[in-house]
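Here are the chains, one letter per residue:
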Amino acid sequence: AGCLYLVATPIGNLEDMTYRAVRVLQEADLIAAEDTRDSMKLLRHFEIHTPMTAYHEFNKIDKARALIGKMRAGATIACITDAGTPGISDPGEELTRMCYEAGISVYAIPGPAAVITAVTSSGLPCRRFAFEAFLPRDKKEKKRILEELKSESRTMVIYEAPHRLRQTLADLAEALGPERKLTVARELTKKHEEKARMTLGQSLDYYRQREPRGEYVLVIEGKSWEETDSEDRARWEEMDLDSHMQ
Ligand code: SAM
């Protein structure tokens, strides 16, 4: 039987392509790409002439069935997305799950992912972190997640589109407080890479003066022990007061 390769590709800088990624893409029978036009540039650059087919959010179930049929018949298929690691806020997860159900082997070819690049260069603790991907677009759902994040003590990593950056920073400042530190990582591995360390409060001013452009990852400090401690103390004091009043 064939198998599936989930192949990570660069998130900007083409030099981040791995030797193994190039070889696997060259040797595969078929490449399932999120956007075939977009991936054409990458394949051309690395002289990869493997046929391509579109596999994206909108055809993922039907297409996965068809791809599984081909792998059952012996084909080796490589899945790539527009950038970074398949399955990380990108198609790939569904296909992988269906391969497991069909008894087809899956191999990930590791490489760039914006989450790892951002968290490791953020200057914030990265031993433990919580990857939130994109916050929900639905207002109520977004609020629910922000409510959950109030008690998160791990560093948090969030992906955001430029046109939603200001609103998300404002929502985060409201939920976590303006004093909370963060690193805004922009255009990682590219020519205009920038990492801005500031507080959530300062970030509102910062982006009032600049139009957000390019790709962003927000790396936010988790809730500190001091903060948890002082909140607990306030609660105890309140409880104490209540018991005295009874
Ligand atoms: N699969 C990708 C990965 O492994 O990181 C993520 C794909 S997701 C659809 C795209 C989002 O990832 C962007 O909106 C941005 O938040 C983040 N991203 C991707 N490339 C980036 C880069 N070079 N710099 C900063 N953020 C990036």
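It should be emphasised that the depicted structure is a prediction, and the values quoted were computed from it without experimental measurement. (Residues numbered from 1 in each chain as written. Predicted model: local features only at pLDDT ≥ 70, side-chain atom pairs only at ≥ 80, totals over all residues.)

A. Structural view of the overall build of the protein. A count of helices and strands for the protein gives nine helices and 10 strands. A principal-axis box enclosing the C-alpha atoms of the protein has dimensions of 75 × 45 × 30 Å. Looking at the protein as a whole, 32% of its 246 residues qualify as buried. (Helix = DSSP H or I, 4+ residues; strand = E, 2+ residues; numbered from the N terminus. Buried ≥ 20, exposed ≤ 12 C-beta atoms within 10 Å, placed from the backbone.)

B. Examining the nonpolar core more closely. Core analysis: the largest hydrophobic core is formed by 58 residues, its most contacted members being Val-7, Ala-78, Cys-79, Val-217 and Val-219. In contact with Val-7, not counting residues within four places along its chain, are Ala-21, Val-24, Leu-25, Ala-78, Cys-79, Ile-80 and Ile-109. (Core = buried A, V, L, I, M, F, W, Y, C linked by C-beta atoms within 7 Å. Contact = placed C-beta atoms within 7 Å.)

C. Molecular detail of the UniProt feature "domain: Tetrapyrrole methylase" (unreviewed entry) in the protein. UniProt annotation of "domain: Tetrapyrrole methylase" (unreviewed entry) refers to residues 4–202 when read in the numbering used here. Measuring from the first to the last C-alpha atom of residues 4–202 gives 45 Å, for a span that is 38% helix and 23% strand. (UniProt positions renumbered as here; feature names shortened; annotations may be inferred.)

D. Molecular detail of the sheet that holds strand S8 (residues 181–186). One open sheet accounts for five strands, arranged S6-S7-S10-S8-S9; its pairing is mixed. If you trace the sheet from one side to the other, it starts and ends with strand S6 (129–134) and strand S9 (194–199), each paired once. For this sheet, the mean inter-axis angle between neighbouring strands, taken without regard to orientation, is 20 degrees. Across five bridges, the pairing between S6 and strand S7 (residues 155–160) is parallel. Within the sheet, the bridge partner assigned to Ala-133 lies in S7 and is Ile-158. (Pairing = 2+ DSSP bridges. Axes fitted to C-alpha atoms, helices over the stretch in contact; angles between N-to-C directions.)

E. Region of interest: the packing of helix H7 (residues 165–176) against helix H8 (residues 200–209). Where H7 meets H8, the axes come as close as 9 Å, and the angle between the chain directions of the two elements is 155 degrees. Relative to H8, H7 is oriented roughly antiparallel. You can see that H7 and H8 cross each other, and the crossing is left-handed. Of the residues in H8, those touching H7 at Leu-165, Arg-166, Leu-169, Ala-170, Leu-172, Ala-173 and Leu-176 are Leu-200, Gly-201, Ser-203, Leu-204 and Tyr-207. Class assignment of the residues belonging to the contact of H7 with H8 gives a composition of nine nonpolar, two polar and one charged. (Parallel < 35°, antiparallel > 145°, perpendicular 65-115°, else oblique. Left-handed = near helix turned anticlockwise from the far one by under 90°. Nonpolar A, V, L, I, M, F, W, Y, C, P; charged D, E, K, R; others polar.)

F. Inspection of the site of the ligand at higher detail. By nearness alone, 23 residues border the ligand, and Gly-84, Ala-113, Ala-114, Tyr-159 and Leu-188 come closest of all. Secondary structure elements with two or more residues in the shell around the ligand: helix H5 (114–120), S7 and strand S10 (216–220). Split by residue class, the shell around the ligand holds 12 nonpolar, six polar and five charged. (Near = placed C-beta within 6 Å.)

G. Broad picture of the environment of Leu-146. Within the secondary structure, Leu-146 sits in helix H6 (residues 139–149). According to the C-beta neighbour criterion, Leu-146 is partly exposed, with 18 such atoms within 10 Å. When the C-alpha atoms of Leu-146 and Asp-38 are compared, they prove to be 34 Å apart, with 108 residues separating the residues in sequence. Those residues in contact with Leu-146, other than ones at most four positions away along the chain, are Asp-171 and Ala-175.

H. Just the sheet that holds strand S1 (residues 3–7), in detail. Judged by pairing direction, the sheet is parallel, and its five strands sit side by side in the order S3-S2-S4-S1-S5 without closing on themselves. Each of the sheet's edge strands pairs with one partner strand only, and the pair in question is strand S3 (52–54) and strand S5 (105–109). Across the sheet, the mean angle from the axis of one strand to that of its neighbour is 25 degrees, orientation sign disregarded. Pairing geometry for strand S2 (residues 30–33) and strand S4 (residues 76–80), over four bridges, is parallel. Paired with Leu-30 across the bridge in S4 is Ile-77.

I. Local environment of the environment of Arg-127. Structurally, the position occupied by Arg-127 is in the loop between H5 and S6. Among the residues examined, Arg-127 registers 6 C-beta atoms within 10 Å and is labelled exposed.

J. Broad picture of the pairing of S4. When you tally the buried positions in S4, you get four out of five residues, the bulk of the element. Examined bridge by bridge, S1 and S4 share four bridges and lie parallel to one another. In the sheet register, Tyr-5 faces S4, and the bridge partner there is Ala-78.

K. Quick look at the packing of helix H3 (residues 60–72) against helix H4 (residues 93–102). Across the interface, H3 lies against H4 with an axial gap of 10 Å and an inter-helix angle of 45 degrees. Taken as axis vectors, H3 and H4 run oblique relative to one another. Handedness of the H3/H4 crossing: right-handed. Taking contact as the criterion, the partners of Lys-60, Ile-61, Ala-64, Leu-67, Ile-68 and Arg-72 in H3 are, on H4, Glu-94, Leu-95, Met-98, Cys-99 and Ala-102. Here the contact of H3 with H4 is built from residues that sort into eight nonpolar, no polar and three charged.

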